[in-house]
Amino acid sequence: MYCVFKAKRQQPRHRNMDIVIKLNSQTVGKDKVARLCQYSCRALWASKDGSESIETVQLLKHIESILSSFRKLLRFGKGFEVLYSATAGLKLKELSAQLFITLGKIASGLFLLADHVVWLSRFGINKNINTNKWVDRSNRFWLISILFNLCRDVQELYRLFVYYSRSNIRNLQRTLYAVYRENKPLLVDTIKNVCDVFIPLNGLGILPVSNQTIGLLGAISSLMGLLPLVYPRLKF
């Protein structure tokens, strides 16, 4: 009896370790965890800036920079893979889904390729590169990719609201609850994209946002990106 109770008590700990091992065994898992830490560091140093010691702020900024470089190295070469995978969207029956997924992946692939150039420039491999120009290009392609993903999310949400409005669910609160209960993968993806869109908008100077806000939005987006890796049923 004691052995059974002990095994049950240790089960959550084993489950947590399984999640850590699962994330660490995947490149995308490592990237998402590093991204969460990266933007958390930004939120922390932005909140402490002016009220804490300069050493603490500089340390957090340094960790953020290291994590950013680590992620760029992890993703190096992935731009070609994403561009190749864009053809998969053409197999979908619906034209709008083909458009959003295919163009979104093309933009995402171009964003990663531009990001590769930025990484090569910052590490001094090619000193003739205009880093600021390529950072700007990277943000533009990233923004376009997110907007296509958001278009797909909004289209699916609109269809759901139309479907539920034609059913027996007439109350708005019940409709929202039904959407949440039965379409969690879509909601997770929407939250991730909504949070992400402010980062390139800020980088391009279109919509200036504070570093603390960017850090918080990036951390939330990273958590939403981690959820489908931990719980595959949440993948949209």
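Residues numbered from 1 in each chain as written. Predicted model: local features only at pLDDT ≥ 70, side-chain atom pairs only at ≥ 80, totals over all residues. Heavy atoms only, no water.

Undergrad: Would you explain the confidence of the model for the protein chain in this entry?
TA: Low pLDDT means the predicted coordinates in that region are not meant to be read closely. Model confidence for the protein chain is summarised by a mean pLDDT of 85, while 86% of its residues fall at 70 or above. Taken as a whole, residues 1-8 scores under 50 in pLDDT and shows zero contacts with residues more than four places along the chain or in a different chain. (pLDDT = per-residue confidence, 0-100. Contact = heavy atoms within 4.5 Å.)

Undergrad: Sorry if this is basic, but what is going on with the nonpolar core here?
TA: Looking at soluble globular proteins, one finds that nonpolar side chains tend to be buried together. Formed by 13 residues in total, the largest nonpolar core has its most connected members in Y39, W142, L143, I146, V197 and I199. Of all the elements in the fold, those that place two or more residues in this core are α5 (95-122), α6 (131-166) and α8 (184-203). By residue number, the principal contributor to this core is α6, which donates four residues. Not counting residues up to four positions away in its chain, the partners in contact with L143 are V197, P200, L201, L204 and I206. L160, Y164, V179 and L186 belong to the second-largest nonpolar core, a separate cluster that totals six residues. (Core = buried A, V, L, I, M, F, W, Y, C linked by side-chain atoms within 4.5 Å. Buried < 20%, exposed > 50% of the residue type's maximum accessible area, 1.4 Å probe, protein only. Helix = DSSP H or I, 4+ residues; strand = E, 2+ residues; numbered from the N terminus.)

Undergrad: How should a nonpolar patch on the surface be read in this particular structure?
TA: On the surface, L99, L103, I106 and L110 cluster together into a nonpolar patch covering about 280 Å² of accessible area. According to the relative accessible area criterion, L99 is partly exposed, its value standing at 43%. (Patch = residues over 30% accessible without salt bridge, like charges linked within 9 Å, V, L, I, M, F, W, Y side chains within 5 Å. Areas by Shrake-Rupley, 256 points an atom, 1.4 Å probe, with all protein chains shown as cover. Salt bridge = Lys/Arg side-chain N within 4 Å of Asp/Glu carboxyl O.)

Undergrad: Just to check I follow, could you spell out the pattern of salt bridges for this structure?
TA: Scanning the model with the defined rule gives eight salt bridges in all. Taking the shortest distance from any N to any O, the salt bridge between D31 and R71 comes out at 2.8 Å. You can see D31 sitting in helix α2 (residues 27-48) and its partner R71 sitting in helix α3 (residues 54-74), a full 40 residues away along the chain. A salt bridge links R140 to D136, with the shortest nitrogen-to-oxygen separation between them at 2.9 Å. You can see R140 and its partner D136 sitting in helix α6, four residues apart, about one turn around the helix. Here D136 falls in the partly exposed class, since its relative accessible area comes to 27%. Taken together, the shared-partner salt bridges in this structure form one network comprising K72, R75 and D115.

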